[in-house]
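Read off the chains here:
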Amino acid sequence: MYCEVSSSCSPVPKSDLCFCFSRPTPVIRWIKEGGELPANRTFFENFKKTLKIVDVSEADSGNYKCIARNTLGSAHHVISVTVKAAPYWITAPRNLVLSPGEDGTLICRANGNPKPDISWLANGVPI
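Residues numbered from 1 in each chain as written. Predicted model: local features only at pLDDT ≥ 70, side-chain atom pairs only at ≥ 80, totals over all residues. Heavy atoms only, no water.

Going by the annotation in an unreviewed UniProt entry, the name recorded for the chain is NRCAM protein, with Rynchops niger given as the source organism. Regarding the chain, the relevant UniProt record gives this comment under Subcellular location (unreviewed entry): "Cell membrane". (UniProt positions renumbered as here; feature names shortened; annotations may be inferred.)

Spelled out as structure tokens, the structure:
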């Protein structure tokens, strides 16, 4: 994510860039709305105009706000971050050995973003 801010900040279409100019030079601050910036995985570059998050997880999704403040006022820009994730097992299905007449339960719990569809097949046929 990148944000260069001033008193008249406006986003550049289809990017996470916000170019602005201000005198006196503003102090830049980043916050995550409704939460904390990821601890030990957040780094600032380019005089705090660039926020970098390493080892991103789904919990890092959310709105990040870049705030610029100087003696003449403040401006901010909100950047929405969505973390996509391939399906992964919460509870992987386990093999089941049953005798005739016994009951058995198969459990399959998966997650991801977008949320995966779960389907069951018996011998290749949907059930």
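Structure shown, so let's carry the discussion forward.
The next thing to look at is the packing of aromatic side chains. Taken as a whole and judged by the stated rule, the model has zero aromatic pairs. Sitting above the plane of the F44 ring, K48 keeps its charged end 4.9 Å from the centroid. (Phe/Tyr/Trp six-rings, centres within 6.5 Å; stacked < 30°, edge-to-face > 60°. Lys NZ or Arg CZ within 6 Å of the ring centre and 35° of its normal.)

This next bit is on the environment of N70. Mapped onto the elements of the fold, N70 is located in strand β6 (residues 62-70). Of note is the side chain of N70, whose polar atom sits 2.7 Å from the backbone oxygen of P24. Here L72 takes part through its backbone nitrogen, which lies 2.7 Å from a polar atom of the side chain of N70. (Helix = DSSP H or I, 4+ residues; strand = E, 2+ residues; numbered from the N terminus. Polar contact = N/O pair within 3.5 Å; in protein donor to acceptor, adjacent residues only side chain to side chain.)

A separate point is the environment of R29. Examined against the element boundaries, R29 turns out to sit in strand β3 (residues 27-32). Separated by 39 residues in sequence, R29 and A68 have C-alpha atoms that sit 6.5 Å apart. When neighbours within four sequence positions are excluded, R29 is seen to be in contact with K65, C66 and I67. (Contact = heavy atoms within 4.5 Å.)

Further remarks concern a nonpolar patch on the surface. A surface patch of nonpolar side chains, amounting to about 590 Å² of accessible area, comprises L96, L98, L106, I118, W120 and I127. Tracing the backbone shows L96 in the loop between β8 (85-91) and β9 (109-113). Residue classification places L96 among the partly exposed positions, given a relative accessible area of 43%. (Patch = residues over 30% accessible without salt bridge, like charges linked within 9 Å, V, L, I, M, F, W, Y side chains within 5 Å. Areas by Shrake-Rupley, 256 points an atom, 1.4 Å probe, with all protein chains shown as cover. Salt bridge = Lys/Arg side-chain N within 4 Å of Asp/Glu carboxyl O. Buried < 20%, exposed > 50% of the residue type's maximum accessible area, 1.4 Å probe, protein only.)

This part covers the nonpolar core. I28, W30, L51, I53, Y64, C66 and I79 form the largest nonpolar core, which has seven residues in total. Among the elements of the structure, β3, β5 (50-53) and β6 are those that each provide at least two residues to this core. (Core = buried A, V, L, I, M, F, W, Y, C linked by side-chain atoms within 4.5 Å.)

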